[in-house]
Amino acid sequence: MKLSIHGAIPLLLVTGLAQAAPVHQHGRAEAAVAVDDATLTLTFRAPLMDILGVERAPESEAERHHFQEQLDRVVAPRPAEAAGCALQEEKVTDLAALFPEGEGHHHADDHDHDHDHEHDHAHHQDLEATWTYQCDHIGELDAVTWPFLSDFPSLTTEVILLLPGGQGVQTLNPGDTRLPLE
C-alpha cells in the first residue's frame, strides 16, 4: 500500500516550519519544499520587518503603496525547468490582510500626547506564502530558485525538505536564491 502525504502536506509544513527555526526571528525566514506524487508545494514565511522594514500599519497612502510594492516582490519560486511544473495555486499574504483599512496609527489634531515615549502599538507579523505546482516530470526536479530572496538580502532561509527520497533541512544564506535538491 502506498502512503500518500497529500492531505497531510499543510500540517506537515506548518509543523516542520515551527520546528525549523525559532518563531519570528528577524533575519531568518522559513520555507518548505514538499513533493507528493506530481504535486510540488512550496511555502515561505518571513518576519514582516525583513520584507517591509517595519511591522506596523502604513501611516499614509504613499507608505501603503510602498509596502504593497515590497510585498509584490515576493513572487512564485521557479522549480527546475526540466521538471515541467505549472503553477496551480498561489497564496501570498496581502496588505489588506496584514493591515485592514483604518488600522493605522493616527492622532487627532486636538489630542494632547507626549511623543517622547516609545509607541508599543506594533506587533510581530509574518509574510506567509504557499505555491502549489503540478509537475510533468517530478523526477527531474533537482532545484528550486527563490528569485525574490535577492531582494531581501538580510534573510537566511531555513528550508525543510519533504521529498520522495527522504526528509532534510537546507539553509539558503543571505543572497542565495537557488536551492539544490540533489
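Model, not experiment: these values are computed from the prediction. (Residues numbered from 1 in each chain as written. Predicted model: local features only at pLDDT ≥ 70, side-chain atom pairs only at ≥ 80, totals over all residues. Heavy atoms only, no water.)

Some words on the confidence of the model for the protein chain
To be explicit about the condition: One confidence number per residue, pLDDT, is output by the predictor and ranges from 0 to 100. Any two residues whose heavy atoms approach within 4.5 Å are treated as being in contact.
Per-residue pLDDT for the protein chain has a mean of 81; in total, 75% of the residues score no lower than 70. Contacts from residues 1–22, a stretch scored under 50 in pLDDT, to residues over four places away or in other chains number 30 contacts. Per-residue pLDDT stays below 50 along residues 103–122; that stretch engages in 13 contacts with residues further than four places along the chain or on separate chains.

A word on the sheet that holds strand S3 (residues 78–79)
Short version of the rule: In this analysis, strands are considered paired if DSSP registers two or more bridges between them. By the criteria applied, helices consist of DSSP H or I runs no shorter than four residues and strands consist of E runs no shorter than two, each listed in order from the N terminus.
Strand order in the open sheet made by the three strands is S3-S6-S9, with antiparallel pairing throughout. Looking along the sheet, the strands with just one partner apiece sit at the ends: S3 and strand S9 (178–180). Relative to strand S6 (residues 143–145), S3 runs antiparallel, the two being bridged by two bridges. Across the sheet, the residue bridging to Pro 79 is Val 144, located in S6.

Details of the state of the cysteines
Any covalent bond linking the sulfur atoms of two cysteines counts as a disulfide. What counts here: Our working definition of a disulfide is a cysteine sulfur pair at a distance within 2.5 Å. A 1.4 Å probe rolled over the protein chains alone gives each residue an accessible area, and that area as a share of the maximum for its type sets the label: buried under 20%, exposed over 50%, partly exposed in between.
Here the structure, examined in full by the defined rule, presents one disulfide. What pairs with Cys 85 in a disulfide is Cys 135, and their sulfur atoms sit 2.0 Å apart. Given an S-S torsion of about 105°, the disulfide between Cys 85 and Cys 135 has right-handed geometry. Highlighted residues: Cys 85 in strand S4 (residues 85–92) and Cys 135 in strand S5 (residues 126–135), separated in sequence by 50 residues. The class of Cys 85 is partly exposed, set by a relative accessible area of 21%. Cys 135 sits in the buried class, given a relative accessible area of 5%.

Thoughts on the sheet that holds strand S8 (residues 166–172)
Neighbouring strands of a sheet are bound in pairs by backbone hydrogen bonds; such pairs are parallel or else antiparallel. What counts here: Every axis corresponds to a line fitted to the C-alpha atoms, with the helix fit spanning only the stretch in contact, and the corresponding angles, defined between N-to-C directions, vary from 0 to 180 degrees.
The strand order across the open sheet built from six strands is S4-S5-S2-S1-S7-S8, with neighbouring strands paired in mixed fashion. Bordering the open sheet on either side are S4 and S8, each of which pairs with just one other strand. Sheet twist, expressed as the average angle between the axes of neighbouring strands with direction ignored, equals 15°. As defined by bridge partners, S4 adjoins S5 across seven bridges and the pair is classed as antiparallel. Looking at S5, one finds that Glu 90 is bridged to Trp 131.

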